[in-house]
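# Analysis of the macromolecular model
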Amino acid sequence: RRSPSREVSWLKVVTSSTSSSSSGSSGSSGAKVSAKWRAIPGRLTRISKGRSGVWGVNRNGYIYKLNSNGRSWTRIRGKLVQVSSGSSVWGVNKYGHIYRYRGGNRWQRIPGLLTNLDVSDSGHVWGVNRGGSIYRWTGRNWQHIGGRA
């Protein structure tokens, strides 16, 4: 496949930190962080980084994964409006349908409807539906959590 780098754009921050001793009980670590931004070609509207790598979607819903060289992208089959990378990769399409990436350009449909979700590096999946209700994936179904987003 041809590189989608003309379609994918984001900025990568390169950070460095130095430590100094913390004084008092302010809770400050005394670390100073400086950052420089470097452009990576293309245009993404959503991006997520986790143990499963850096993933993003563009305004047309096309899904991309950053290659290990950190400079080029691979397009992944399917269309999503939001993607989350953690211990696994999940996403939501424009209809609210939920998908989990199975590898090899294959997605598994997960029951339910959400507008946004997040996957942690430890495998926890949380989501919000159109009405603002909060849910947690149990491994078999969505558990409703009290409160509103």
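Remember, predicted model here, so these are calculated numbers, not experimental data. (Residues numbered from 1 in each chain as written. Predicted model: local features only at pLDDT ≥ 70, side-chain atom pairs only at ≥ 80, totals over all residues. Heavy atoms only, no water.)

### A word on the environment of valine 57
Heads up, the rule is: Only DSSP runs of H or I reaching four residues or more are called helices, and only runs of E reaching two or more are called strands; each is numbered from the N terminus. In this scheme, a residue with accessible area under 20% of its type's maximum is buried, one over 50% is exposed, and one in between is partly exposed, where area comes from a 1.4 Å probe on protein chains only. The contact criterion used is simple: two residues touch if any of their non-hydrogen atoms lie within 4.5 Å.
Note that valine 57 resides in strand 4 (residues 53–57). Residue valine 57 is classed as buried on the basis of its relative accessible area of 0%. Along the chain, valine 57 and glycine 91 lie 34 residues apart, while their C-alpha atoms are 9.7 Å from each other. Here valine 57 is in contact with Leu44, Thr45, Arg46, Tyr62, Ile63, Leu80, Val81, Gln82 and Val83, once residues within four sequence places are set aside.

### Quick look at the sheet that holds strand 3 (residues 46–50)
The strands that make up a sheet pair up through hydrogen bonds in the backbone, lying either parallel or antiparallel. How we decide: By definition, two strands form a pair when at least two bridges between them are found by DSSP. Each axis is a line fitted through C-alpha atoms, taken for helices only over the stretch in contact, and angles between the N-to-C directions span 0 to 180 degrees.
Spatially, 3-4-5-6 is the arrangement adopted by the four strands of the open sheet, whose pairing is antiparallel. Taken across any chain shown, the strands that pair with only one partner, and hence form the sheet edges, are strand 3 and strand 6 (73–79). Taking each pair of neighbouring strands and ignoring which way they run, the sheet shows an average axis angle of 25 degrees. For strand 5 (residues 62–66) and strand 6, the ladder comprises five bridges, and the chain directions are antiparallel. Each bridged residue has a counterpart across the sheet, and for isoleucine 63 the counterpart in strand 6 is isoleucine 76.

### Some points on the packing of aromatic side chains
Aromatic rings in a pair are described by how distant their centres are and how their planes are angled relative to each other. What counts here: Two rings from Phe, Tyr or Trp (for Trp, the six-membered ring) form a pair when their centres sit within 6.5 Å of each other. Planes less than 30 degrees apart are called stacked, planes more than 60 degrees apart edge-to-face, and all others tilted. When the NZ atom of lysine or the CZ atom of arginine is within 6 Å of a ring's centre and also within 35 degrees of its normal, the charge is said to sit over that ring.
Tallied over the entire structure, the rule returns six aromatic pairs. Between tryptophan 90 and tryptophan 137, the aromatic rings sit 5.8 Å apart at their centres with planes inclined by 65 degrees, giving edge-to-face as the arrangement. Residue tryptophan 90 is located in strand 8 (residues 89–92), and its partner tryptophan 137 is located in strand 13 (residues 133–137); the two are separated by 47 residues in the primary sequence. Taken as a pair, tryptophan 90 and tryptophan 137 share a single burial class, namely buried. Members of the aromatic cluster, each reached through a chain of ring pairs, are Trp55, Tyr101 and Trp107. Positioned above the aromatic ring of tyrosine 62 is the side chain of arginine 75, whose terminal nitrogen or guanidinium carbon lies 3.6 Å from the ring centre.

### Concerning the sheet that holds strand 11 (residues 116–119)
A sheet is described by the order of its strands in space; here four strands give the open sequence 11-12-13-14, paired in antiparallel fashion. The open sheet has two edge strands with one neighbour each: strand 11 and strand 14 (142–148). Averaged over all pairs of adjacent strands, the angle between strand axes in this sheet comes to 25 degrees, irrespective of strand direction. Relative to strand 12 (residues 125–128), strand 11 runs antiparallel, the two sharing four bridges. If you follow asparagine 116 over to strand 12, its bridge partner there is valine 128.

Bear in mind that shape data such as this cannot, by itself, settle questions of function.
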